[in-house]
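# Observations on chain architecture
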Amino acid sequence: MSQGLGRLITDLGDRSTYDAASQCSRCGYCEQACPTYVATGRESQSGRGRNQLVRLMLEGKLSDLGAAEEALSTCLLCGACTTACYAHVPTADIVLEGRRALAEKPPWLVRVLTWLLVGHRDALSLLLKSSYLLKRAGLSRLARPFLRLAGFDGLAEADAHVDETPSRFLFEELGRRKRPAEPRWLYFAPCGPNYLYPRVGLATVSALESTRGPGAFLDNGCCGLLPYNYGEVEDARCLARAVIEKSEKSGAGLPVVADCSSCTAFLKSYPQLFLEEPAWRARAERFAESVQDAVEAFSGADIEPSTSAETVTYHESCRACHGQGLPAPAQLLSRACGDKFTELPESSVCCGGAGAFSFVHPELSDEVLKRKIGAVARTRASLVLTSSTSCLIQLAHGLKKYYPQGRVMHLSEFVAKRLSQGKPEHHGTTTGA
Ligand code: SF4
Ligand code: SF4
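Everything in this summary refers to the structure shown in the same document. These numbers were taken from a predicted model, which means no experiment stands behind them.

Reading the values: the criteria
- Residues numbered from 1 in each chain as written.
- Chains lettered and ligands numbered in written order.
- Predicted model: local features only at pLDDT ≥ 70, side-chain atom pairs only at ≥ 80, totals over all residues.
- Axes fitted to C-alpha atoms, helices over the stretch in contact; angles between N-to-C directions.
- Helix = DSSP H or I, 4+ residues; strand = E, 2+ residues; numbered from the N terminus.
- Parallel < 35°, antiparallel > 145°, perpendicular 65-115°, else oblique.
- Contact = placed C-beta atoms within 7 Å.
- Nonpolar A, V, L, I, M, F, W, Y, C, P; charged D, E, K, R; others polar.
- Near = placed C-beta within 6 Å.
- Pairing = 2+ DSSP bridges.
- Buried ≥ 20, exposed ≤ 12 C-beta atoms within 10 Å, placed from the backbone.

This paragraph deals with the packing of helix 23 (residues 362–379) against helix 24 (residues 389–402). Look at helix 23 against helix 24: their axes get within 10 Å of each other, and the N-to-C directions meet at 70°. When the axis of helix 23 is compared with that of helix 24, the two are roughly perpendicular. Here helix 23 contributes Leu369, Lys370, Lys372 and Ile373 to the contact with helix 24, which in turn contributes Gln394, Gly398, Leu399 and Tyr402. Per-class residue counts for the contact of helix 23 with helix 24 are four nonpolar, two polar and two charged.

Have a look at this one:
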């Protein structure tokens with residue numbers, strides 16, 4: 001059994017995982033909000049079904065562990081069920097506790113990645129740059145059938161989904177900039193912008209400089225979401241402590257802005273990691289209060305209306321709307337685009353990306369994705385904006401496959417581009433803190 005949290009923060013206060021799962025009254029209000037239930041029609045693949053499975057498992061009454069493993073592994077952890085639930089039962093966290101109770105130990109790939117993320121950034125960079133070189137040379141595509149034959153389907157799917165291969169990482173770029181005397185904000189670089197989409201992080205920093213003045217790069221490591229979702233909680237705690245310490249040294253009290261909503265939601269949930277450690281819990285609470293998602297940071301940005309002919313729509317990352325309770329920046333986009341902004345039907349329904357979900361469960365992920373791209377196609381938008389790495393990968397893949405006239409962009413890129421239009425060229429002041 002992998003190590004779990006044991007206790008969760010619920011609307012009724014801190015509760016054991018069993019008590020949290022028992023808060024589900026089985027009313028079923030969450031069923032139609034659950035993308036996997038809607039796609040499959042199976043009770044075991046709904047919020048209600050998953051909560052009951054975990055409760056039975058913890059009571060020792062579950063005989064079919066294989067069925068439980070399937071039901072829990074196919075949860076997108078999107079949190080739509082919690083939003084729909086009058087009691088706000090934290091189903092995604094309960095599912096993760098159930099997965100940890102079932103797993104002997106985390107998958108080897110997660111253990112290797114966690115080892116690289118905890119203090120071995122040079123080795124991680126070398127590994128990623130080597131794999132990007134192979135991809136650019138077309139060799140990874142040739143290797144896909146062999147990866148599948150060897151049982152590494154997830155790696156083959158990841159290679160098929162990810163198109164970008166940056167030659168420089170974000171921390172390499174931001175780390176050499178000069179630190180301003182009095183930074184007004186800190187930038188936390190999530191792993192997605194850091195290692196896959198540096199352009200997103202550069203856009204966030206540029207937009208923050210335009211709207212708030214100078215700031216500093218935190219030069220952080222991973223937030224811990226990967227080991228939290230797929231591995232050991234203690235590894236996640238270790239990474240969380242490092243991030244908290246770094247932010248305290250770099251500028252306690254300054255807002256910490258991050259531009260992947262999955263990571264931002266996790267940064268805000270740090271107190272739950274330290275329910276048994278009061279001193280760390282207090283530090284985690286102070287830190288969590290300082291964290292801002294790029295969606296919050298830019299919702300009030302002063303963008304001039306544009307005459308662009310491009311029709312724009314917005315997909316809400318699950319971890320922005322369900323994980324953090326953030327509304328879509330509809331007013332910002334209406335102001336910026338006028339009648340060229342069209343609200344996306346079901347904008348808060350998951351796109352099926354969900355971290356590694358689309359690589360591990362490609363068929364179910366594609367069912368969820370098709371519904372999302374169908375909604376985009378009905379708006380006739382040519383540009384879809386969003387706020388998390390997983391959504392960027394999944395929507396780029398889905399648009400290419402089902403609606404090639406559309407493209408996807410991070411909200412920060414859109415804001416930075418519009419803020420820079422008509423302004424003199426700006427030289428950044430952000431630096432490693
Ligand atoms: S999770 Fe909430 S909405 Fe869903 S069945 Fe349980 S109590 Fe009802
Ligand atoms: S987190 Fe999402 S996929 Fe999982 S049970 Fe809730 S609504 Fe369904």
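Moving on, we come to the site of ligand 2. Looking at ligand 2, there are 15 residues lining it, with Cys34, Gly47, Cys75, Cys78 and Cys81 nearest. Taken together, the elements giving at least two residues each to the shell around ligand 2 come down to helix 2 (35–40), helix 3 (47–58), helix 5 (80–84) and helix 6 (91–102). Taken together, the residues of the shell around ligand 2 sort by class into 10 nonpolar, four polar and one charged.

This part covers the site of ligand 1. Neighbouring ligand 1 are 16 residues; Cys24, Cys27, Cys30, Arg48 and Cys85 lie closest to it. Mapped onto the shell around ligand 1, the elements with two or more residues apiece are helix 3 and helix 5. No other element matches helix 3, which puts three residues into the shell around ligand 1. Residues that form the shell around ligand 1 fall into these classes: nine nonpolar, five polar and two charged.

It is worth spelling out the sheet that holds strand 9 (residues 407–410) at this point. Read across the open sheet, the three strands follow the order 7-8-9; overall the sheet is parallel. In the strand order of this sheet, the two ends are held by strand 7 (312–314) and strand 9, each with one partner. Adjacent strand axes in the sheet meet at a mean angle of 30° when their direction is disregarded. With four bridges connecting them, strand 8 (residues 383–386) and strand 9 associate as parallel partners. From the neighbouring strand, valine 384 faces strand 9, where its bridge partner is valine 408.

With that settled, the discussion passes to unusual backbone geometry. The phi torsion at leucine 77 lies on the positive side, around 60°, for a residue other than glycine. Positioned with a positive phi, aspartate 219 is a non-glycine residue whose angle comes to about 50°. Residue placement: aspartate 219 occurs in the loop between strand 4 (216–217) and helix 14 (225–230). The class of aspartate 219 is partly exposed, set by 18 C-beta atoms lying within 10 Å.

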